[in-house]
Each structure stands twice: as C-alpha cells, then as structure tokens.
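Listed below are the residues making up each chain.
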Amino acid sequence: MYWSTKDNIEELKQELQQEGWSVEVAISTEAMVESCDLIITTTSSRKSLLHSPVSPTKPLLIICIGADSVGKQEISVDTVQTAGLLVCDSLAQTKERGEFQHAIREGRVTIDSIVEIGTVVANGNPTSNGTQAGALTIFDSSGVAIQDCVVAKMAYEELVG
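Since we're looking at a predicted model, the values are computed, not measured.

(A) Structural context of a nonpolar patch on the surface. On the surface, a cluster of nonpolar side chains totalling about 430 Å² of accessible area is made up of Trp-21, Tyr-156, Leu-159 and Val-160. With respect to the helices and strands, Tyr-156 occurs in helix H7 (residues 145–160).

Here is the structure:
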C-alpha cells in the first residue's frame, strides 16, 4: 500500500489488518511497483502518483478507478505509453476523461491502441500498441458504474481465490 500523504496510512494499515488483510506500506511508488502484481488507484488526483515510466520485472496490472473526469490523472503519460496493453471501459469516454486522455492529447498513444474491456472479456487477451500484452497492463475505468463493480469483484476474487 502506498499513500501520497503519510498522515493516515498507519491507521488504515491497522484497520485493514484487523479485517484480516496482509498489508505492507511501500516507502515509494517505485518500491510498490516492484513488490506488487496488482495496483489499484482510487484517488481524485490531478497530478500523477506514478511519475516515471513503469518497468516492472514481472507482470503488473494497474487498475485506475479514481481519475474519472476531465483533467484528473493518477499515472503519468510516460507510464501509459510504456504499457503493453491499454484497456478502458468506454472508448468514447476515454478520450476526454481518465488516465488515457492526457496521452491521447499529447499524441503518445492513439485511440486505436486502446481496447474496451468488453472486447477483452469476449475475445481473451488481446494485443495492443503492436506488442504482446506483457509486463504492464493498465485498465482505466472512466465511469461506467456497473463495470467498476464487476472489475472490483473480479480483482478481489483473483486475490483471495
């Protein structure tokens, strides 16, 4: 777990541990990337929390569910650009809100390099950006509520078996 402000992280850690979760606090976002297989961002941030290109040494899934309106951003454009697979809930929405809006606006990724989650569910593991879906996959939910619930449930079930 990583928190950009340290004030409440120990309290949250203790609360989660009392609920039975195994929780470790990362000292930096870089340390978090290296130690995690799954990162879920749930902030309303307007500046990226993952600042530099992410180069995980193992497969990593980043699920962004917090940056869901125009101008919000939880991960850097560099991180988006380095992903082997970009997945969104709605291509129409991803152009103007959420994580991919900035990379599209800057010309670092194209809308054609992003796959809707429905396509992934229907067809299996696709490729994007001309590469095999590999070490880094980013799913950005920009606000189709029912999909948010299903993805969160799937992630939870994958983690707890």
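(B) Structural view of the packing of aromatic side chains. Applying the stated criterion across every chain, the model contains one aromatic pair. With a centroid separation of 6.0 Å and an interplanar angle of 65°, the aromatic rings of Trp-21 and Tyr-156 are classed as edge-to-face. Here Trp-21, found in the loop between helix H1 (9–18) and helix H2 (29–35), pairs with Tyr-156, found in helix H7; they are 135 residues apart in sequence, far enough to count as distant. For Trp-21, a relative accessible area of 39% puts it in the partly exposed group.

(C) Region of interest: the pairing of strand S3 (residues 85–88). Residues of S3 alternate between two faces, with Leu-85 and Val-87 on one and Leu-86 and Cys-88 on the opposite face, all of them buried. Bridge analysis of S3 against strand S5 (residues 136–140) gives four bridges, and the strand direction is parallel. Paired with Cys-88 across the two strands is Asp-140, which belongs to S5. Pairing between S3 and strand S4 (residues 114–116): three bridges, direction parallel.

(D) Geometry of the pattern of salt bridges. If you walk through the whole model with that rule in mind, you get three salt bridges. Arg-108 is paired through a salt bridge with Glu-106; the nearest N and O atoms lie 3.3 Å apart. For Glu-106, a relative accessible area of 51% puts it in the exposed group. In this structure, Lys-153 engages Glu-157 in a salt bridge whose closest nitrogen and oxygen atoms are separated by 2.9 Å. Residue Lys-153 and its partner Glu-157 are located together in helix H7, separated by four residues, close to a single helical turn.

Reading guide: rules and limits
Residues numbered from 1 in each chain as written. Predicted model: local features only at pLDDT ≥ 70, side-chain atom pairs only at ≥ 80, totals over all residues. Heavy atoms only, no water. Patch = residues over 30% accessible without salt bridge, like charges linked within 9 Å, V, L, I, M, F, W, Y side chains within 5 Å. Areas by Shrake-Rupley, 256 points an atom, 1.4 Å probe, with all protein chains shown as cover. Salt bridge = Lys/Arg side-chain N within 4 Å of Asp/Glu carboxyl O. Helix = DSSP H or I, 4+ residues; strand = E, 2+ residues; numbered from the N terminus. Phe/Tyr/Trp six-rings, centres within 6.5 Å; stacked < 30°, edge-to-face > 60°. Buried < 20%, exposed > 50% of the residue type's maximum accessible area, 1.4 Å probe, protein only. Pairing = 2+ DSSP bridges.

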